[in-house]
Amino acid sequence: MSVTHAPETADVLRRQDPELAEILLGELERQSTSLQLIAAENFSSPAVLAALGSPLANKYAEGYPGARHHGGCEIVDVAERIAVDRAKALFGAEHANVQAHSGSSAVLAAYAALLRPGDTVLALGLPYGGHLTHGSPANFSGRWFDFVGYGVDAETGLIDHEQVRTLARSHRPKAIVCGSIAYPRHIDYAFFREVADEVGAYLIADAAHPIGLVAGGAAPSPVPYADVVCATTHKVLRGPRGGMILCGSELAERVDRAVFPFTQGGAQMHTIAAKAVAFGEAATPAFTVYAHQVVANARVLAAGLAAEGLVVTTGGTDTHLLTVDPAPLGVDGRTARGLLAAAGMVLDCCALPHGDVRGLRLGTAALTTQGMGEEEMAGVAALLAGVLRGETEGQKAREEVRELAGRFPPYPGQ
Ligand SMILES: Cc1ncc(COP(=O)(O)O)c(C=O)c1O
């Protein structure tokens with residue numbers, strides 16, 4: 001089977017449903033011929049995709065291994081036990097729940113395990129990179145809990161630790177959340193632990209973004225500090241789309257019951273098997289090399305964009321992601337995203353700390369999986385700036401992107 005087995009899948013699909021087969025192949029073509037700079041995306045391995053597309057998808061398995069509500073779970077039970085054991089070993093956690101369907105489901109379950117509706121929660125404010133589940137009025141979190149937002153320093157872009165401490169003392173939250181969709185620096189988990197202890201709050205680390213770097217030893221781990229760690233298994237970790245929760249033994253039962261039966265039904269066994277595969281991959285020396293290369297690439301990309309005149313939040317990055325303001329090149333974030341998309345550079349807009357400005361968020365997880373290194377990142381920075389300045393004509397940029405992507409196929413031999 002080739003890395004993506006997508007063409008084979010497409011053959012089966014084409015016979016039955018040509019319309020969908022074209023979509024599958026079209027998306028594969030899009031991913032292979034453009035640059036995936038969305039910080040939350042990556043290319044899962046063929047083994048992960050194989051598990052996802054396996055007959056395990058047919059199995060209903062409400063409950064936990066050894067205690068299911070459905071018959072015939074002997075084999076999928078083993079898959080879940082392997083996933084749990086691998087997650088515990090990979091992250092040094094006493095307990096792992098691998099059933100959360102997504103990062104948001106993991107956060108919902110963490111709140112359900114620790115909080116009551118109406119409780120106060122302190123989290124990074126949405127304008128500064130908090131996730132929807134950190135108190136957005138459009139999300140269950142903002143409706144069911146009383147969120148107080150801390151921010152980042154407008155000048156440095158760094159988390160305002162003094163403000164965190166002050167707000168914690170005055171609001172006495174039941175939980176403090178640390179974690180972000182766009183914070184490019186390491187989070188000081190020891191600091192958050194200290195503040196949480198001072199005010200008697202739980203500490204929830206939403207490590208959806210950095211967890212893959214943690215697995216590869218390229219970022220500090222929240223596990224020794226947080227009561228509960230929520231994470232996604234996609235992003236840098238390179239597994240299937242899904243969620244995961246890590247905690248100590250004392251909270252294990254509460255967390256498990258918060259996932260099932262409180263917020264979810266049957267476990268998705270194909271996804272859990274794919275998570276197990278990804279945890280196995282993440283435990284290899286090759287993944288450690290990968291995780292460090294992701295960060296090295298992000299640093300070169302940040303430095304390259306800064307040299308081209310874009311404003312890089314916090315002056316750089318410790319992680320796989322960076323946020324930039326393209327305004328000095330004469331375009332706002334939204335316009336920039338459109339221009340870059342037309343050139344085949346796919347990325348997101350994001351809020352920036354200095355006022356009401358839309359910037360760009362970029363990540364290097366996917367390009368690094370393709371095998372690109374620092375040299376290519378320097379080239380991407382130059383090309384991106386050339387497009388935004390209007391120096392590189394759109395069609396020419398698209399050709400350059402196609403050529404670069406063509407040299408680093410995400411699924412070689414497909
Ligand atoms: C910090 C954080 N929490 C939660 C999530 C939600 O993950 P999902 O999209 O899988 O629900 C994300 C996704 O980007 C995230 O960055």
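Basis of the calculations
Throughout, a residue's number is its position along its own chain's written sequence, starting from 1. Thresholds applied to this predicted model are a pLDDT of at least 70 for local features of residues and 80 or more for the giving and counting of side-chain atom pairs; totals over whole chains, interfaces and linings are not thresholded and use all residues. Values shown for side chains rest on all heavy atoms present in the structure; no hydrogens or waters enter the calculation. Each helix is a run of H or I in the DSSP string that is no shorter than four residues. Each strand is a run of E no shorter than two, and both are numbered from the N terminus. C-alpha atoms define the radius of gyration in this analysis, and the globule rule sets the expected value at 2.2 Å times the number of residues to the power 0.38. Three labels apply to residues, based on accessible area from a 1.4 Å probe with only protein chains included: buried if under 20% of the type maximum, exposed if over 50%, partly exposed otherwise in between. Methods summary: accessible areas were calculated by the Shrake-Rupley approach with a probe of 1.4 Å, and residue burial reflects only the protein chains presented. Charge assignment in this entry is limited to Lys and Arg as positive and Asp and Glu as negative, and neither His nor the chain termini are counted. Where a charge lies is defined by one atom per residue type: Lys uses NZ, Arg uses CZ, Asp uses CG and Glu uses CD. Helix axes are fitted to C-alpha atoms over the stretch in contact, other axes to C-alpha atoms as well, and angles between N-to-C directions run from 0 to 180 degrees. What sets the label is the angle itself: under 35 degrees gives roughly parallel, over 145 gives roughly antiparallel, 65 to 115 gives roughly perpendicular, and the rest give oblique. Here a residue-residue contact requires only that any non-hydrogen atoms of the pair lie within 4.5 Å. Only Asp, Glu, Lys and Arg are considered charged, only Ala, Val, Leu, Ile, Met, Phe, Trp, Tyr, Cys and Pro nonpolar, and every remaining residue, Gly among them, polar. Where each domain starts and ends comes from a domain assignment, either automatic or drawn from a database. Buried area is calculated as the accessible area (1.4 Å probe) missing from two parts once they are joined, with the contributions of both summed. We define a salt bridge as a side-chain nitrogen of Lys or Arg found within 4 Å of a carboxyl oxygen belonging to Asp or Glu. Think of a polar contact as two N or O atoms within 3.5 Å of one another; within protein, one of them needs to be a possible hydrogen donor and the other a possible acceptor, and neighboring residues in sequence only count if both atoms come from side chains. Throughout, near means a residue has at least one heavy atom within 4 Å of the molecule or strand. Less than a right angle of anticlockwise turn of the near helix away from the far helix marks a crossing as left-handed, whereas a clockwise turn marks it as right-handed.

A look at the overall build of the protein
Okay, so step 1: Within the protein one finds 16 helices and 15 strands.
Okay, so step 2: The C-alpha radius of gyration computed for the protein amounts to 21 Å, which stays within 12% of the reference 22 Å derived for 414 residues, consistent with globular compactness.
Okay, so step 3: Sorting the 414 residues of the protein into buried and exposed places 57% on the buried side.
Okay, so step 4: Total accessible area computed for the protein in this model is approximately 16,600 Å², and 54% of it derives from carbon and sulfur atoms.
Okay, so step 5: In the protein, 32 positive and 44 negative side-chain charges are present, and the distance between their average locations comes to 4 Å.

Things to note about the packing of helix α2 (residues 18-33) against helix α16 (residues 394-407)
When two helices pack together, their arrangement is given by the angle between their axes and by how far apart the axes lie.
Okay, so step 1: Following both chains from N to C, one finds α2 and α16 inclined at 95 degrees, their axes separated by 8 Å at the closest point. Considered as vectors, α2 and α16 are oriented roughly perpendicular to each other. Taken together, the residues of α16 that come into contact with α2 (itself represented by Glu29, Ser32 and Thr33) are Arg398, Val401, Arg402 and Ala405.
Okay, so step 2: Split into classes, the residues belonging to the contact of α2 with α16 amount to two nonpolar, two polar and three charged.

Side note on the environment of cysteine 350
Okay, so step 1: Within the fold, cysteine 350 resides in strand β14 (residues 348-352).
Okay, so step 2: Cysteine 350 gets classed as buried once you look at its relative accessible area, which sits at 6%.
Okay, so step 3: Residues in contact with cysteine 350, not counting those within four places in the same chain, are Thr323, Val357, Arg358, Gly359, Leu360 and Arg361.

Examining the domain arrangement of the protein
Okay, so step 1: Splitting the protein by domain gives domain 1 (55-282) and domain 2 (285-407).
Okay, so step 2: Measuring from the centre of the C-alpha atoms in domain 1 to the corresponding centre in domain 2 gives 28 Å.
Okay, so step 3: With both chains or domains summed, domain 1 and domain 2 bury close to 2,100 Å², and 61% of this area falls on carbon and sulfur atoms.
Okay, so step 4: Three residues stand out in domain 1 for area buried against domain 2, namely Pro184, Arg185 and Arg238, and they jointly supply 29% of the buried area on that side.
Okay, so step 5: Between arginine 185 and aspartate 318 there is a salt bridge; the shortest N-O distance is 2.9 Å.
Okay, so step 6: Joining domain 1 to domain 2, the criterion identifies 11 residue pairs in polar contact (both at pLDDT 80 or more).
Okay, so step 7: A per-element tally of the side of domain 1 that touches domain 2 places helix α9 (residues 211-215) first, with three residues.

Looking at the pattern of salt bridges
Okay, so step 1: Inspection of every chain in the model, using the stated rule, returns 19 salt bridges.
Okay, so step 2: Between arginine 193 and aspartate 227 there is a salt bridge; the shortest N-O distance is 3.1 Å. In this pair, arginine 193 sits in helix α8 (residues 189-199) while aspartate 227 sits in the loop between α9 and β9 (228-232), placing the two residues 34 residues apart along the sequence.
Okay, so step 3: Looking at arginine 193, the relative accessible area reads 16%, which means it is buried.
Okay, so step 4: On the basis of relative accessible area, aspartate 227 is assigned to the buried category, the value being 17%.
Okay, so step 5: Residues lysine 396 and glutamate 400 are paired through a salt bridge, measuring 2.7 Å at the closest nitrogen-oxygen approach. Here glutamate 400 and lysine 396 lie together in helix α16, a separation of four residues that amounts to about one turn.
Okay, so step 6: Exposure remark for lysine 396: the relative accessible area of 48% places this residue in the partly exposed category.
Okay, so step 7: For glutamate 400, a relative accessible area of 33% corresponds to the partly exposed category.

Concerning the site of the ligand
Okay, so step 1: Lining the immediate surroundings of the ligand are Ser102, Gly103, Ser104, His131, Ser180, Ile181, Asp206, Ala208, His209, Thr232, His234 and Lys235.
Okay, so step 2: The side chain of serine 102 places a nitrogen or oxygen atom 3.4 Å from an oxygen atom of the ligand.
Okay, so step 3: Within the side chain of aspartate 206, one N or O atom sits 2.6 Å away from a nitrogen atom of the ligand.
Okay, so step 4: Look at the ligand: alone it shows 390 Å² of surface, and the protein chains cover 86% of it.
Okay, so step 5: Considered class by class, the residues forming the shell around the ligand number two nonpolar, eight polar and two charged.

Observations regarding the side chain of threonine 120
Okay, so step 1: Along the chain, the position of threonine 120 falls in strand β5 (residues 120-124).
Okay, so step 2: When residues no more than four places from it in sequence are discounted, the contact partners of threonine 120 are Asp146, Val148, His171, Pro173, Lys174 and Ala175.

Regarding the side chain of glutamate 80
Okay, so step 1: Considering the arrangement of structural elements, one finds glutamate 80 in helix α4 (residues 74-91).
Okay, so step 2: On the basis of relative accessible area, glutamate 80 is assigned to the buried category, the value being 2%.
Okay, so step 3: Here the side chain of glutamate 80 touches arginine 68 through a polar contact of 2.8 Å, side chain to side chain.
Okay, so step 4: A distance of 2.9 Å separates the side chain of glutamate 80 from the side chain of glutamine 99, its partner in a polar contact.
Okay, so step 5: Each residue touching glutamate 80, except ones within four places of it in the same chain, is listed here: Tyr64, Pro65, Arg68, Val98, Gln99, Met269 and Ile272.

Concerning the packing of α4 against helix α11 (residues 269-282)
Okay, so step 1: Where α4 meets α11, the axes come as close as 8 Å, and the angle between the chain directions of the two elements is 35 degrees. α4 and α11 meet at a crossing whose hand is left-handed. For the pair α4 and α11, the contacting residues are Val76, Ala79, Glu80, Ile82, Ala83, Arg86, Ala87 and Leu90 in the first and Met269, Ile272, Ala273, Ala276, Val277, Phe279, Gly280 and Ala282 in the second.
Okay, so step 2: Per-class residue counts for the contact of α4 with α11 are 13 nonpolar, one polar and two charged.

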